[in-house]
Amino acid sequence: MSDFRRALTGSSLLYFDGAMGTMLQGRGLPAGMSPEVFCLQNPDVLQGVHLDYAKAGADVLTTNTFGGTRLKLPADMNVVNFNREMAKAAKAAASQAGRPVFVAGSVGPTGHFVKPLGELEFTELVEIFREQIQGLVEGGVDLILAETHFDLAEVRAVVLAARQVCSLPVGVSMTFEDGVSLTGTRPEVFAHTVQNMGVDLVATNCSAGPEQMAGVVAELVSSCGVPVLVMPNAGLPELDGDGNTVFRLGPEAFARQTAEFARLGVKCLGGCCGTTPDHITALVRETEGITWAQAEKRSASGIILTTRSQLVRVASSEPTRIIGERINPTGKKELIAQLQAGELSLAMQFAQEQIDAGAPILDVNVGAPMVNEKELLPRLLAEVAAAHSVPLSIDSSDMDAVEASLAVYAGSPLVNSISGEPGRMERLGPLCRDYGAPFILLPLKGRKLPVTAKERIAIIDELLQQADELGIPRRLVMVDVLALAVSSKPEAARHCFDTIRYCNETLGLPTTIGLSNISFGLPARELLNSTFLSMAIGAGLTSCIAHPGNTRMREALAAAEVLMARDSNAEGFIAGYSEWTSGGGSAAGGVSGAKAEKKAAATLEEAVIKGERDLVLDLVEQELANGAEPYELVNNRLIPAITEVGDKYERKEYYLPQLLRSAETMQKAFGRLKPLLEEASDGGSKPVIIMATVEGDIHDIGKNIVCLMLGNHGFDVVDLGKDVKAEDIVDAAVKHDAKLIGLSALMTTTMVRMEDTIDLLRQRALSIPVFVGGAVVTQAFADAIGAAGYSRDAVEAVRVAQNLIAVSA
């Protein structure tokens, strides 16, 4: 066990350091200059900051490598060398502290999304982080700490990269606003996803002061079986009278508010933006005498599957989960033909139908002759994941296809399955462990089927021992109890029940089964399947692989939940079956524990709202064939639809992935109509907006989303990119006769550059309104620098731009 892991298990609180950027600003960091470059040129200044934090009581110093990837560092800088030197600087300061002080290697976000939200391949992102972490390890860090991340896919890439480079402890911190990350992940979903990956420390930092973070922290503590780290800001940034960025929450108030987290069960405390050594000193003093005890883990056994926005537990305490089986080419000639042609429409239709039936998990299988599973399975998985928020099961006998699919999934998928086939546990087990993917353990070994429960249990125990030796935690294991046909094996069902009881009562593991196998070769198969399901649930079955649209199966499932006392006051059963008649079923009855979504889009508006990128062009063509005017389609159909998407985003019904998907759908429809609009144009022009991320700032995700939304609402957007000087912004505005300028900044050290553009416009006597936004920008800051408008996000940016254009018209 590493020294830091040992420290994590002790009863003493651990204190991390505070902000680096604001400290460096006070010691000569020029506005707009990269803190990384400044510290490489001024190592004594960096070591001085580290040493001040150690003297303040910090047990962990964080390296100045937040922007230490090749995507953020200057192109001529060696990534490994830079990170090694920064780590050595922190270690040197730690060695002067006169007591044990650890060093955490900081790994921040790259500012880029992985596909389909962005252009990066997941494997490329992993390699980018591997390069940085290699340097940190060579520099002697004691742990890897991913900080201020906002997308679950990027979080997974950091953890995977760390596992590939070293065996050091790994901590992961995500930032949340109003209880969700930028891409729609709640703290509970984040916590369980990274715990599936085996991290040592779960954290949150930045975004707000301690009082505003209370809800997020409480959710993390209740979701974690590992220690939690909390690093709040010293309030939110403001501008003082001299135009400097300041944080108003003083050391004593910060310490008093942050100490409450220790009383909630938080093990590690520190500070983020605006905090100083004085804040850490006050925090150590305020929490003196508070001890920490490992939180009790949930008593319920089971696995947890996640997506960016959802979490599904499969456990004895939860409703029995249906794993939708329909996306499987076995016995489906039309689906086979489509998959062989690389066409996914029927598979996507099956996904939608199962979602409509209420399936909480979907199995995805493309195994058919003349199908390249390694290429097609990840592609289909990504498409289904982009369209639906339910967790997915990666189902393939091709281990290369499984590995490729794990790389495109932003969360914890289910892998179906790992059997006793030679080499399968050795190859897939470590992949599931490192990617944090629960898997189905299939008790098959050799050519003989294990007919009896005793035979199956022996194989299960053997495979579990193999998994233990590979370091695979039991939280990732679900057992397929193996249904054999009662037509040929009359006692097959009884052996299933005995195996279920063993897994549930002795091993504490969840179970699943291929439901339809039990009735093979017999008439009235639905009757047998539904009766078997009820009996299996009584024995402790937690899930089954089945067709969620089967009425009799759904009835049996809903009734069983009442009888197992898992449907409180029978509310679900009453809601679904109050109008039930014998043999008639109920249209309202759905799969327990799932939420049905709307059917596939039938109108142009629905296509935009649901983000039906593959369907929208067909609907546009239908409208044009029926005589619709292009202007009418854009102004009265498409724009109101994308406005409704924006409203859903603001109501937190949609998050960034849905917003982007709908915006891209709108863009695709507009692309088809644009030539027709130009043909019929009367010469009128759209208002031009100049968009840019200010000088010194290389973050442009938010700005890019704003550009996309503005373009969909009828603006002519000129995107100048990132790290743009004020002179270039104003020159472009003049060149393009812009009606408005939009500026973005992510860092407190660069947000002050926004005022440069406003000042230059005044000097040139140009009355072009400027509106601003970005993670650290506030309304108060916008008012202080004389900006005409401020927007919190892309949806509000459209409204602000429309209002400013209307006022200036």
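Residues numbered from 1 in each chain as written. Predicted model: local features only at pLDDT ≥ 70, side-chain atom pairs only at ≥ 80, totals over all residues. Heavy atoms only, no water.

Turning next to the pattern of salt bridges. In the structure shown here, the tally under the stated rule is 40 salt bridges. A salt bridge links Arg 5 to Asp 200, with the shortest nitrogen-to-oxygen separation between them at 2.8 Å. With a gap of 195 residues between them, Arg 5 in helix α1 (residues 3–9) and Asp 200 in the loop between α8 (187–196) and β6 (201–205) connect regions that are remote in the sequence. Taking the shortest distance from any N to any O, the salt bridge between Lys 703 and Asp 719 comes out at 2.8 Å. Residue Lys 703 is found in helix α26 (residues 701–712), and its partner Asp 719 is found in strand β22 (residues 716–719); the two are separated by 16 residues along the sequence. Sharing partners across several salt bridges, the network here consists of Glu 644, Lys 648, Arg 651 and Glu 653. (Salt bridge = Lys/Arg side-chain N within 4 Å of Asp/Glu carboxyl O. Helix = DSSP H or I, 4+ residues; strand = E, 2+ residues; numbered from the N terminus.)

We now examine the packing of helix α25 (residues 656–679) against α26. Between α25 and α26, the shortest axis-to-axis distance is 10 Å and the interhelical angle comes to 40 degrees. In terms of orientation, α25 lies oblique with respect to α26. Crossing of α25 against α26: the hand is left-handed. Of α26, the residues touching α25 (which contributes Leu 656, Leu 659, Leu 660, Ala 663, Glu 664, Met 666 and Gln 667) are Ile 705, Leu 708, Met 709 and Asn 712. Taken together, the residues of the contact of α25 with α26 sort by class into 8 nonpolar, 2 polar and 1 charged. (Axes fitted to C-alpha atoms, helices over the stretch in contact; angles between N-to-C directions. Parallel < 35°, antiparallel > 145°, perpendicular 65-115°, else oblique. Left-handed = near helix turned anticlockwise from the far one by under 90°. Contact = heavy atoms within 4.5 Å. Nonpolar A, V, L, I, M, F, W, Y, C, P; charged D, E, K, R; others polar.)

This brings us to unusual backbone geometry. Residue Pro 116 is reached from Lys 115 by a cis peptide bond, and omega for that bond is 5 degrees. Residue Asn 416 is joined to Ser 417 through a cis peptide bond whose omega torsion reads 10 degrees. Within the element layout of this structure, Ser 417 appears in strand β16 (residues 414–418). Of note in this structure, Ala 570 is not a glycine but carries a positive phi near 55 degrees. Along the polypeptide, Ala 570 turns up in the loop between α20 (551–563) and α21 (571–577). Here the phi dihedral of Ala 765 falls at roughly 60 degrees; this positive angle occurs in a residue that is not glycine.

For the rest of this paragraph, the subject is the sheet that holds strand β23 (residues 740–744). Spatial strand order, β22-β21-β23-β24-β25: 5 strands in an open sheet with parallel pairing. Each of the sheet's edge strands pairs with one partner strand only, and the pair in question is β22 and β25 (789–790). Looking at chain direction, β23 and strand β24 (residues 770–773) are connected through 4 bridges and run parallel. From the neighbouring strand, Leu 743 faces β24, where its bridge partner is Val 772. Together, β21 (688–693), β22, β23 and β24 form the strand contacts of α26, whose direction differs from that of β21 by roughly 170 degrees. (Pairing = 2+ DSSP bridges.)

Attention now moves to the packing of helix α4 (residues 43–56) against helix α5 (residues 79–95). Between α4 and α5, the shortest axis-to-axis distance is 8 Å and the interhelical angle comes to 45 degrees. Taken as axis vectors, α4 and α5 run oblique relative to one another. Note that α4 runs across α5; the crossing there is right-handed. Contacts from Leu 46, Gln 47, His 50 and Leu 51 in α4 reach Met 86, Ala 89, Ala 90, Ala 92 and Ala 93 in α5. Counted by class, the contact of α4 with α5 contains 7 nonpolar, 2 polar and no charged residues.

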